[in-house]
Amino acid sequence: MQWRVLAAQRRAATELPKLTMVEAIAMAQAWEMQHDPSVVVIGQDVGANGGVFRATAGLQERFGADRVQDTPLAEATIAGMSVGMAAHGLKPVAEIQFMGFIYPALDQIVNHMSRMRHRTRGRLSCPVVIRTPHGGGIHAPEHHSESTETMLCHIPGIRVVIPSTPARAYGLLLAAIRDPDPVVFLEPVRLYRAARQEIADDGRALPLDTAFVLREGTDVTIVTWGAMTVETLRAVAELDKEGISAEVIDLATLSPIDSATILASVAKTGRLVIVHEAARNVGVGAEIAAIVAEHGLYDLQAPIQRVTGYDTIMPLFRLEQEYIPSAQRIVDAVQVTLAA
Amino acid sequence: MNTVARFQVDYRQLLDERGRATAELPAFARDAEEMRRMYRAMTLARVFDAKAVNLQRTGQLGTYASSLGHEATHVGVGAAMHAEDVLAPVYREYGTQLWRGVTMREILLYWGGDERGNDFAGPRADFAWCVPIATQTLHAAGAAMTFKIRGERRCAVAYIGDGGTSEGAFYEALNLAGARQLPVVFMVVNNGWAISVPVRAQTAAQTLAQKAIAAGIPGLQVDGNDVIAVRDSVGAALDTARAGGGPCVIEALTYRLSDHTTADDASRYRPEREVKDAWALEPLLRVREFLRQAGHWSADDEQALQRDCAREVDAAVTEYLGTPRMSTDAMFDHLFASLPKHLQEQRAMARARGAKTGGH
């Protein structure tokens, strides 16, 4: 019997396409457009061009120019029209071409999208997804590499989600589109094509508001997200060699934070290192540290460590690797918690 | 029903695609040396551009935004501006910037991922490249407001692309400039495409120049492949602005002969035929023809120019490639006038890490 199971598994494995994250993102949008006629895709260059990163490749051909629309070049337009569309029955999945260009849209996100449900006492709502590339590491031009998720996380009434693998991108984006409230979906550019993964195009969503334990461990908890999961897993492989067992949590939903998963892990390991690419000052790491200080202080055996970008402008690419936390910096921080 | 206001948008061309004057030429265009100077600048911009694209293709430059096809507009604006005026560029107006004293090395450093490219040794008062679309138009208006308040006879020139005119900031800048009669010229470079979106999908307006009308300021359309018309129109607009006569919008009709940037592949969305047709209108050919017909340009002149441009570009490339990377301190330098304490600590951490990893 055993061989049959294995053969079936092997067959299933070979039949599944191996996809990059950017392909998984396009596939999730296509699935949801196919199954929910209210889903529309809008943004700059999302139509014939299929998105500057190809995250909407093929969608306009398949679903037409009404449902997959190039907007005028105006981010406030994209966010504002999303509010209007969402309040009246459509589900816009809006692409902001780079996170550095999201700021004209913030007025609409902060003052309308996030509070439509609340201020109308539930009469109107905004089931919008704003997708935008996040972070650096691909030698991009100025304003194309920032990680400013903390600004978004501070806005009540929206969710902020960031995947770290193709499969999680697929499942989390489906969940974001199906969610009845606005979600900003950050896509780590460095991971768009970094790896391929077999993904079944089965429309199965992953849960929002839930962190994923990527690896269990006993000595230290490392919480991270997005592209920094890769550096973290690299660091953990180094720590393994030294007999240090790290538990790695991919936060995945940055707002609201899945406190329970973090606290349970810290209760087990007694040590916490937080890793993010964004600047340190008032970063999401500070919120995680505060949660643990409030609810898990007596579980801690050492001060919390943060490994982050500096509180500087993200440098142009000649220096970007000096800014982005490295595996070595993560290893060093873990060593500090263990020495305490 | 009474008509309460009427508007019109004029179009100017002085040199057609075969290098023939279509109207009486301004004084500078009758000066052979001045025309040769502009032609040389246009050629240098093109030779530089081809080299920059090549550097990117060979991994020696980051993403680069080509200026291919925009040379007449860029050089025309550069030649029309005074040195003391202020330029607020987008990110591909190298012809204007080279004219104003920005160096090729600086342009390469910027696209090569080094902030020193923004520290122009030449035009110290000019704004740096502006990637967030349309935001620079308000900076130009603000600079113009300064000149007005201080009574300085200077002007600001803001570039913007066709796509950029869809941004709120552009309309706000026009409105402000009109309301306060600021000495600013908005140079709308309509090259047909905002990455993959053609201008007809961007707006229902027949012209982009007419966007000026709602702001109560004049709007003019020029042949952006005609360096004479561009220089003459921008020069006149700057004279008016300098004399207190208020702002102007000039829409230069040209064509993006390249991809949007080296990260783009226009063949995915743009008909090859359109590009082929646009080459017939490209801006260098007509100036060369104009000069040749007047007996001011020979095949030898052209050869010598190409050789000189290649030599100049190669020298700049060598200088660029030989510029060592900055140390990690560069992330902290110039962040504030004086660095706060927590950042001094972070700077020290970065130095220590650099030393540890054997870096620079």
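Residues numbered from 1 in each chain as written. Chains lettered and ligands numbered in written order. Predicted model: local features only at pLDDT ≥ 70, side-chain atom pairs only at ≥ 80, totals over all residues.

> Give me the overall build of chain B: which residues, what numbers.
When helices and strands are tallied, chain B shows 12 helices and eight strands. With the C-alpha coordinates aligned to their principal axes, the bounding extent of chain B is approximately 75 × 55 × 45 Å. Considering only contacts within chain B whose residues lie at least 6 apart along the sequence, 74% involve residues at least 24 apart. (Helix = DSSP H or I, 4+ residues; strand = E, 2+ residues; numbered from the N terminus. Contact = placed C-beta atoms within 7 Å.)

> I'd like a rundown of the overall build of chain A, residues and numbers included.
Along the backbone of chain A there are 13 helices and 14 strands. In terms of overall size, chain A behaves like a compact globule, its C-alpha atoms giving a radius of gyration of 20 Å where 340 residues would be expected to give roughly 20 Å. When the 340 residues of chain A are sorted by exposure, 56% land in the buried category. Excluding contacts between residues fewer than 6 apart, the proportion of contacts in chain A whose partners are at least 24 apart in sequence is 81%. (Rg over C-alpha atoms; globule rule 2.2 N^0.38 Å. Buried ≥ 20, exposed ≤ 12 C-beta atoms within 10 Å, placed from the backbone.)

> Any details on the interface of chain B and chain A? Residues and values, ideally.
In this assembly, 36 residues from chain B lie in contact with 30 residues from chain A. Mapped onto the side of chain B that touches chain A, the elements with two or more residues apiece are helix 7 (199-202) and helix 12 (341-356) of chain B. For the side of chain B that touches chain A, the element with the most residues is helix 12 of chain B, which contributes six residues. Partitioning the side of chain B that touches chain A into residue classes produces 15 nonpolar, 15 polar and six charged. (Nonpolar A, V, L, I, M, F, W, Y, C, P; charged D, E, K, R; others polar.)

> Which residues make up the sheet that holds strand 7 (residues 183-188) of chain A, and what values do they have?
Residues and elements named next belong to chain A. Across the sheet, seven strands lie side by side as 3-2-4-5-7-6-12; this open sheet has mixed pairing. Among the strands making up the open sheet, the edge pair consists of strand 3 (68-70) and strand 12 (253-255). Adjacent strand axes in the sheet meet at a mean angle of 25 degrees when their direction is disregarded. Across three bridges, strand 6 (residues 159-161) lies against strand 7 in parallel orientation. Residue Val 160 lies in a different strand from strand 7, and its bridge partner there is Val 184. Helix-sheet contacts for helix 4 (residues 75-87) involve strand 2 (39-43), strand 4 (91-95) and strand 5 (129-134), and the interaxial angle to strand 4 is about 170 degrees. (Pairing = 2+ DSSP bridges. Axes fitted to C-alpha atoms, helices over the stretch in contact; angles between N-to-C directions.)

> I'd like to hear about the sheet that holds strand 9 (residues 212-215) of chain A, residue by residue, with values.
All names here are of chain A. The five strands lie next to each other as 9-11-10-13-14, forming an open sheet whose pairing is mixed. One side of each edge strand has no neighbouring strand; the edge strands of this open sheet are strand 9 and strand 14 (305-309). Geometrically, the sheet is characterised by an average inter-axis angle of 25 degrees between neighbouring strands, direction not taken into account. In this structure, strand 10 (residues 220-224) lies alongside strand 11 (residues 246-250), joined through five bridges in parallel fashion.

> Explain the packing of helix 4 (residues 104-111) of chain B against helix 11 (residues 299-321) of chain B to me, using residue names and the numbers behind them.
Residue and element names in this part refer to chain B. One way to put it is that helix 4 packs onto helix 11 with a least axis distance of 8 Å and a crossing angle of 45 degrees. The angle between helix 4 and helix 11 places the two elements in the oblique class. Two packed elements cross with a definite hand, and for helix 4 against helix 11 that hand is right-handed. Only Val 313, Ala 316, Val 317, Glu 319 and Tyr 320 of helix 11 make contact with helix 4, whose side of the interface consists of Met 104, Arg 105, Leu 108 and Leu 109. Among the residues forming the contact of helix 4 with helix 11, the class breakdown is seven nonpolar, no polar and two charged. (Parallel < 35°, antiparallel > 145°, perpendicular 65-115°, else oblique. Left-handed = near helix turned anticlockwise from the far one by under 90°.)

> Lay out the domain arrangement of chain A in plain terms, naming residues and giving numbers.
Residue and element names in this part refer to chain A. Taken domain by domain, chain A consists of domain 1 (2-198) and domain 2 (212-339). The interface is formed by 26 residues belonging to domain 1 together with 20 residues belonging to domain 2. For the side of domain 1 that touches domain 2, the secondary-structure elements that each account for two or more residues are helix 7 (149-153), strand 6, helix 8 (166-178) and strand 7. Taken together, the residues of the side of domain 1 that touches domain 2 break down into 10 nonpolar, 10 polar and six charged. (Domains from an automatic or database assignment.)

> I'd love a proper account of the nonpolar core, names of residues and values included.
Counting 209 residues, the largest nonpolar core has B:Val157, B:Val184, B:Val185, B:Met187 and B:Ile250 as its most contacted members. Discounting residues that sit within four places of it in the chain, B:Val157 has contacts with B:Val77, B:Met81, B:Asp85, B:Leu87, B:Ala88, B:Ala140, B:Val185 and B:Met187. (Core = buried A, V, L, I, M, F, W, Y, C linked by C-beta atoms within 7 Å.)

> Give a detailed account of the domain arrangement of chain B, specifying residues and quantitative values.
Domain annotation for chain B reports domain 1 (10-323) and domain 2 (328-360). For domain 1 of chain B and domain 2 of chain B, the distance between their C-alpha centres works out to 38 Å.

> Would you mind going over unusual backbone geometry in detail, with residue names and values included?
In this model, A:Ser255 is joined to A:Pro256 through a cis peptide bond whose omega is 0 degrees. Mapped onto the fold, A:Pro256 is located in the loop between strand 12 and helix 10 (259-269). Positive phi outside glycine occurs at B:Ile195, with the angle close to 45 degrees. Here B:Ile195 lies in the loop between strand 5 (193-194) and strand 6 (197-198). On the basis of neighbour count, B:Ile195 is assigned to the buried category, with 21 C-beta atoms found within 10 Å. Notably, B:His334 is not glycine yet its phi reads approximately 70 degrees, a positive angle.

> I'd like a rundown of the pairing of strand 14 of chain A, residues and numbers included.
All names here are of chain A. Counted residue by residue, strand 14 has four buried out of five residues, so it is predominantly covered. As defined by bridge partners, strand 13 (residues 272-279) adjoins strand 14 across four bridges and the pair is classed as parallel. Bridging from a neighbouring strand, Ile 274 pairs with Arg 306 of strand 14. Each parallel crossover has a hand, and for strand 13 linked through helix 11 (residues 284-295) to strand 14 it is right-handed. (Right-handed = clockwise from strand over helix to strand, strands pointing away.)

> Any chance you could break down the pairing of strand 7 (residues 219-223) of chain B for me, citing the residues and the numbers?
All names here are of chain B. Burial runs high along strand 7: five of the five residues are buried. Where strand 1 (residues 10-12) meets strand 7, three bridges bridge the pair, whose relative direction is parallel. Considered in strand 7, the bridge of Arg 12 is made with Val 222. Note that strand 7 and strand 8 (residues 248-253) share five bridges and pair parallel. Among the inter-strand pairings, Gln 221 is bridged to a residue of strand 8, identified as Glu 251. Since strand 7 and strand 8 lie parallel, the crossover through helix 8 (residues 227-242) that links them has a hand, and here it is right-handed.

> Talk me through the environment of A:Asp311; I want residue IDs and the actual numbers.
For A:Asp311, the position within the fold is in the loop between strand 14 and helix 12 (320-323). Sequence-wise, A:Asp311 and A:Asn281 are 30 residues apart; in three dimensions their C-alpha atoms are separated by 6.3 Å. If we skip the residues at most four places from it in the chain, A:Asp311 touches A:Ala279, A:Arg280, A:Asn281, B:His342, B:Leu343 and B:Gln346.

> Describe the packing of helix 4 of chain A against helix 5 (residues 103-113) of chain A, listing the residues and the values that go with them.
Between two packed helices, what matters for the description is the angle formed by their axes and the separation of those axes. Residue and element names in this part refer to chain A. Between helix 4 and helix 5, the least distance of the axes is 6 Å, while the angle of their chain directions is 20 degrees. Between helix 4 and helix 5, the interaxial angle falls into the category roughly parallel. In the crossing of helix 4 with helix 5, the sense of the turn from one axis to the other is right-handed. In this structure, helix 4 uses Glu 75, Ala 76, Ile 78, Ala 79, Gly 80 and Val 83 to contact helix 5, whose residues at the interface are Pro 104, Ala 105, Asp 107, Gln 108, Ile 109, His 112 and Met 113. Residues that form the contact of helix 4 with helix 5 fall into these classes: eight nonpolar, three polar and two charged.

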